[in-house]
Amino acid sequence: MVNHPIPSQVISRLKKGKASPTAIGGSLVTPFTIVLAVLIGISLFFMAQRFIYGLGAVTNINNGYPWGIWVVWDVVIATGFACGGYAMALVCYILNRGEYHHLVRPALTASLFGYSLGGASVLIDLGRYWNFWHILWPGYAQPGSVMFEVAACISCYILVLWIEFSPAFLEHFGFKNLKAKLNKVMFFFIGLGVLLPTMHQSSLGSLLVVFGYQIHPLWQTPLLPLLFLLTAVCMGFAIVIVEATWAAVGFKRDIHDELPMLSKIGKIIMGILVAYLVIRLGDLVVRGAIFKVFTSGVKSVMFLIEMAVFIYPIVVLSSPANRKRLSKLLAAAMSMLTGAILYRIDAFLVAYDTGPGWHYFPSVPEMMVTIGVIAIEVLAYIIFVRKFPILPGHSTPAAAE
Amino acid sequence: MTITRRNFLATAAAGGTAAAAACATLAPAGAEARESHKVPDNAVGLLYDATLCIGCKACMSACKEANDLPLEDTIGEKLWDTPLELSGKTYNVIKVYQSGTMENKDKAENGFAHIKRSCLHCADPSCVSACPVSAMQKRATDGVVTYNKDACIGCRYCVAACPFGVPQFQYDTPKPEIAKCQLCKHRMEQGKYAACAESCPTGATIFGSYAALSAEIDRRRAMKPGEPNLFPRRTPESGDMHEKAAPEYVDYVYGQKDAGGTQVRYLSGVAFDKLALPMGLPERAYAADSETLQHTLYGGMILPVVALAGLVTAAWRGSKDHHDDDEFDMFDHPEGGHK
Ligand code: SF4
Ligand code: SF4
Ligand code: SF4
């Protein structure tokens, strides 16, 4: 999905000054893509089982835990990971900071695939998937439902992402005029492309409000939407750092030039995280739930781990010297991502308690399907950049590998 | 032009001011909390009196028959219907609380008590609020919470949301449905009523209008424990009464206010938390909390539209700043690179 080397190559290429976008070309059959294909094959096998025998044949979900990793990972966490495009568009186009510009494109590409696959994989999880269109159909759609809001917004955002990307296709197919016209109104889609993730990333948190007492007080709060939004934006920035560092490690590249940008992003992450923690802990105090921090068994432990991995990046990033070191930036970003993943898993699964006797841990086939979805995403990305002029012209043979 | 710190701050400040102004103007409108829905005027429901229940499970088999549900075999005998909980095959189940020697019926110590589990037909149901496709609906007329499988997408949000763990998804079939009591709505169309109430030999489960059941609840709670009293079977007005010593009820009517109130209510001699019903639920429905939040953020789509206007303006200014011609390409940004 995101932790693969391609976007970082993009960054490296983008650094080589302005080159017009070209397809990278090259062979689609590499050891890496073969591994991906095998993983996809395995997951297709289990998906077939799911469609032939029902969800119970493959997953461990049950009526006490009706949502498993196909919801929590494939949608809630995966779309968070895919917030790189959202976060970069926010600083670059809305706050008008052109210097971040060359980080936008790789981030947006990862978002395109993260969201498209996240949206499509919902069909695997829906019990009555053949009715999925009802959710956007007048007469069926129920606007009071938080899930309606999430579904409508994510669908629109996927559409917007493809529109934002369409210049690449139009160029490929030689529609220069159309491309020019589209570019004139692109600012509208950029605005929309920032609004929609703001809406649905926060709504992913709102989903839990109606669960009431079934969500432990350390997580249940009317501020869930704000907390989910803040961590989603942070995830977007952290992903950009991870992708950039990946290049430095994987290709032994000197990324001296990029560092100032990345350290600024580190500073942004620090700021948002501080706000997040102040709001989260302040809310616990106001609701009187703070005393549950040490008295709730496993849930307390999970909460404290979350706090630790959120506080660690703040401590690291608070030192300007650390912000200049790639290793420290990476450590902080990884810690932040871990925190955001844990926060989502905790809120949806650990904090969720419908009464005694119910347990959930994903089955191996269930996990294989999730891994397969990630593999599809990565493979699609590779094919995409090799066949379409997404990336600026490459200049080093290493980058084309 | 080059991006300077100053014009960055100016843009950010302008955007921030606009957002703050928008929030300030819209906050009062959005702050209107949605109240919990009340039980409709002509509501119907059930009263389950655990002290009258003998655990015969006649209601369970009547429910299976009335709703065409398959038997469930949990003990491997393939002889009886033996569900232990609500499930994709079971809308109604009788469970038992057991303590110590189990000598005393309806006593918490060394006693036992039955409890009937089925949909409570909430006044303001979480399942209805959660369902994105209106498959779960509350009938305005009698307040029955219905399920329409032809609308359902199988997302299981209702399963997760119901505070009483009622809706059950069918995990063992490629064409799953949500299993949930609909108060025999198909029998009501034929002038009949809930099969469980009709079949109950002791009047532990009775069906009636919400008002009549309220009166019956008041009557029973006013009884003097130990004194003989008459209890109706099937419905409060059936006239088919049997005599029994009045039980000692705990001082709580489950469903009167819990999570906004329900149309199926319970009386018992044993505290309800021992009967696996969640205690301490707020009187305000969770659906009201959730929809208030949604309405605050998205009511009339005012906030999103204002935000969109701000964002589009910012993006438009961005594109102007960077381009004198109209060749704006978000991927080929002349200002890209380091400053
Ligand atoms: S008990 Fe559960 S399923 Fe029944 S109406 Fe209430 S929320 Fe819906
Ligand atoms: S599973 Fe069906 S009835 Fe339940 S919330 Fe989803 S669409 Fe509605
Ligand atoms: S039919 Fe009546 S007495 Fe028998 S188990 Fe059901 S509620 Fe209890």
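Worth saying up front: this structure is predicted, and the values here are computed from it rather than measured.

Asks: Give me the lowdown on the overall build of chain A, citing residues and values where you can.
Replies: A count of helices and strands for chain A gives 14 helices and two strands. By the burial criterion, 62% of the 401 residues in chain A qualify as buried. When contacts within chain A are restricted to residue pairs at least 6 apart in sequence, long-range pairs at least 24 apart make up 81% of them. Only carbon and sulfur atoms are counted for the fraction: they give 74% of the accessible area of chain A, which is about 14500 Å².

Asks: Account for the site of ligand 2, naming residues and giving values.
Replies: The environment of ligand 2 is formed by 13 residues, the closest being Cys131(B), Cys152(B), Cys155(B), Arg156(B) and Cys158(B). Residues of the shell around ligand 2, tallied by class, amount to eleven nonpolar, one polar and one charged.

Asks: Any details on helix H9 (residues 259-286) of chain A? Residues and values, ideally.
Replies: Counting along an α-helix, one turn takes 3.6 residues, and residues three or four places apart therefore face a common direction. Here H9(A) spans 40 Å end to end across 28 residues, near enough to the 40 Å set by a 1.5 Å rise per residue. A positive phi of about 75 degrees marks Gly288(A), the residue just after H9(A).

Asks: Let's hear about the interface of chain A and chain B: which residues, and what values?
Replies: In many reports, interface size means the accessible area that the parts give up when they come together. Taken together, the contact pairs 76 residues of chain A with 75 residues of chain B. Roughly 6500 Å² is buried in total at the junction of chain A and chain B, and carbon and sulfur atoms are behind 61% of that figure. Summed over the shared surface of chain A and chain B, the number is one salt bridge. Residues Asp125(A) and Arg156(B) are paired through a salt bridge, measuring 2.8 Å at the closest nitrogen-oxygen approach. Where chain A packs against chain B, one counts 33 residue pairs in polar contact (both at pLDDT 80 or more). Those elements giving two or more residues to the side of chain A that touches chain B turn out to be helix H2 (31-53), helix H4 (84-94), helix H5 (101-125), helix H6 (146-172) and helix H7 (176-206) of chain A. Among the elements that make up the side of chain A that touches chain B, the one with the highest residue count is H7(A) (16 residues).

Asks: Kindly report on the sheet that holds strand E9 (residues 205-209) of chain B, identifying the contributing residues and their values.
Replies: Sheets are built from strands paired through backbone hydrogen bonds, the pairs being either parallel or antiparallel. All names here are of chain B. Spatial strand order, E9-E1-E12: three strands in an open sheet with mixed pairing. Each end of this open sheet is capped by a strand with a single partner; those strands are E9 and strand E12 (264-267). Strand-to-strand twist across the sheet, computed as the mean angle between neighbouring axes with direction ignored, equals 25 degrees. Relative to E12, strand E1 (residues 44-49) runs parallel, the two sharing four bridges. Considered in E12, the bridge of Asp49 is made with Leu267. Along the sheet face, helix H7 (residues 210-222) touches E1, E9 and E12 and points at about 130 degrees away from the line of E9.

Asks: Just give me the short version of the packing of H7(A) against helix H8 (residues 286-298) of chain B, but keep the residues and values in it.
Replies: Relative orientation of the contacting elements H7(A) and H8(B) amounts to 165 degrees, with a least axis distance of 11 Å. In terms of axis orientation, H7(A) runs roughly antiparallel to H8(B). Viewed along their axes, H7(A) and H8(B) form a crossing whose handedness is right-handed. Between H7(A) and H8(B), the contacting residues are Met199(A), Ser202(A), Ser203(A) and Ser206(A) on the first element and Leu293(B), Gln294(B) and Tyr298(B) on the second.

Asks: Quick rundown of the sheet that holds strand E2 (residues 93-98) of chain B? Include the residues and the values.
Replies: All names here are of chain B. Strands sit in the order E2-E4-E3 across an open sheet of three strands; the sheet is mixed. The open sheet has two edge strands, E2 and strand E3 (104-105), and neither has a second partner. Where E2 and strand E4 (residues 111-117) come together, six bridges link them in antiparallel fashion. Directly across from Val96, in E4, lies its bridge partner His114.

Asks: Quick one: what's the story with the domain arrangement of chain A, residue by residue and with numbers?
Replies: Residues and elements named next belong to chain A. The domains assigned to chain A are domain 1 (24-60 + 363-383) and domain 2 (61-354). Counting from both sides, the interface comprises 17 residues of domain 1 and, opposite them, 19 residues of domain 2. Contact with domain 2 buries surface across domain 1, with Thr370, Glu377 and Tyr381 losing the most and accounting together for 30% of the total. Summed over the shared surface of domain 1 and domain 2, the result is zero salt bridges. Every element with two or more residues in the side of domain 1 that touches domain 2 is listed here: H2 and helix H13 (364-387). A breakdown of the residues in the side of domain 1 that touches domain 2 according to their chemical character gives eleven nonpolar, three polar and three charged.

Asks: Pulling in residues and values, what's your account of the state of the cysteines?
Replies: This structure, assessed with the given rule, holds zero disulfides over all chains. Free cysteine: Cys156(A), not disulfide-bonded; nearest cysteine sulfur from Cys153(A) at 6.4 Å.

Asks: Just give me the short version of the confidence of the model for chain B, but keep the residues and values in it.
Replies: Residue and element names in this part refer to chain B. Within chain B, residue pLDDT values average 86, and 85% of them lie at 70 or more. When the criterion is pLDDT under 50, residues 1-30 qualifies, and its contacts beyond four places in sequence or with other chains add up to 20 contacts. pLDDT under 50 marks residues 332-339. Its contacts with residues more than four places away, or in other chains, come to 24 contacts. Our summary of model confidence lists the complex with pTM equal to 0.87 and ipTM equal to 0.87.

Asks: Explain helix H3 (residues 69-81) of chain A to me, and be specific about the residues and the numbers.
Replies: Its 13 residues place the ends of H3(A) only 15 Å apart at the C-alpha level, less than the 18 Å of an ideal helix rising 1.5 Å per residue. Counted residue by residue, H3(A) has twelve buried out of 13 residues, so it is predominantly covered.

Thresholds, definitions, all that
Residues numbered from 1 in each chain as written. Chains lettered and ligands numbered in written order. Predicted model: local features only at pLDDT ≥ 70, side-chain atom pairs only at ≥ 80, totals over all residues. Heavy atoms only, no water. Helix = DSSP H or I, 4+ residues; strand = E, 2+ residues; numbered from the N terminus. Buried < 20%, exposed > 50% of the residue type's maximum accessible area, 1.4 Å probe, protein only. Contact = heavy atoms within 4.5 Å. Areas by Shrake-Rupley, 256 points an atom, 1.4 Å probe, with all protein chains shown as cover. Near = heavy atom within 4 Å. Nonpolar A, V, L, I, M, F, W, Y, C, P; charged D, E, K, R; others polar. Expected span 1.5 Å × (residues − 1). Buried area = accessible area lost by both parts, 1.4 Å probe. Salt bridge = Lys/Arg side-chain N within 4 Å of Asp/Glu carboxyl O. Polar contact = N/O pair within 3.5 Å; in protein donor to acceptor, adjacent residues only side chain to side chain. Pairing = 2+ DSSP bridges. Axes fitted to C-alpha atoms, helices over the stretch in contact; angles between N-to-C directions. Parallel < 35°, antiparallel > 145°, perpendicular 65-115°, else oblique. Left-handed = near helix turned anticlockwise from the far one by under 90°. Domains from an automatic or database assignment. Disulfide = S-S within 2.5 Å. pLDDT = per-residue confidence, 0-100.

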